[in-house]
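Architecture at a glance
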Amino acid sequence: MATNSMGTTLQFTPSGGTQVTVGKLSSIGELSPDSEELDVTTLDATGGYREYIQGLRDAGELEIEGYHNAGDNGQAALRAAYASGDCGSFVITFPDNTTAAFSAFVKSHTLGAAEVDGAVGFGATLRITGAIAITPAT
C-alpha cells in the first residue's frame, strides 16, 4: 500500500549540538545510493559479455526545499553547519514511522527568490557521508 508523504519530518543534530526539526519543508528529495562498477572481464570469458562486480558505494546527495522562516531553529542550524563545514546527523521520519538516518554536511543552501505573489524560498543540499540506515516501521 502507498504511503502519503504528509507528516514526513527531518531532524538535524549538528556536531556537538541538540537535535532540531527543520521546519517549513515542502519537499525532501529521494535517497538514491549508487555504486561504482568494476569490470572483471577476463580474456577467457565465454559468451562475449563483459562481467562486473560492485565497487565502492556512494549514498549521494539529498535536496530539501521549503519556505524561509527566520524563526526556524532547524533552518538556522543548517546555515550554521554550512558555515562550519561540520557533519551532522539527520533522521527522516515518514508517516508510517519508517526512518532513514545518515550523516551529512550541508553542501549548499539557498534563500529566495522574492517574487510578487510568492513565498520566499529556502533550500539546502546535504552531502551524505557513509551509509544510510533505513529502519522499517514496526
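Notes on the structure in this doc start here. (Residues numbered from 1 in each chain as written. Predicted model: local features only at pLDDT ≥ 70, side-chain atom pairs only at ≥ 80, totals over all residues. Heavy atoms only, no water.)

1. A few points about the packing of aromatic side chains
Enumeration according to the criterion identifies two aromatic pairs in this entry. Arranged with centres 4.5 Å apart and planes meeting at 25 degrees, the rings of Phe12 and Phe90 form a pair that is stacked. Here Phe12 is found in strand S1 (residues 9-13), whereas its partner Phe90 is found in strand S7 (residues 88-93), with 78 residues between them in sequence. Here Phe90 falls in the buried class, since its relative accessible area comes to 1%. With centroids separated by 5.5 Å and ring planes inclined at 10 degrees, the aromatic side chains of Phe90 and Phe102 adopt a geometry described as stacked. Here the residue Phe90 occupies a position in strand S7, and Phe102 occupies one in strand S8 (residues 99-111), the gap between them amounting to twelve residues. You'll find Phe90 and Phe102 in the same group, each marked buried. Taken together, the ring pairs connect Phe12, Phe90 and Phe102 into an aromatic cluster. (Phe/Tyr/Trp six-rings, centres within 6.5 Å; stacked < 30°, edge-to-face > 60°. Helix = DSSP H or I, 4+ residues; strand = E, 2+ residues; numbered from the N terminus. Buried < 20%, exposed > 50% of the residue type's maximum accessible area, 1.4 Å probe, protein only.)

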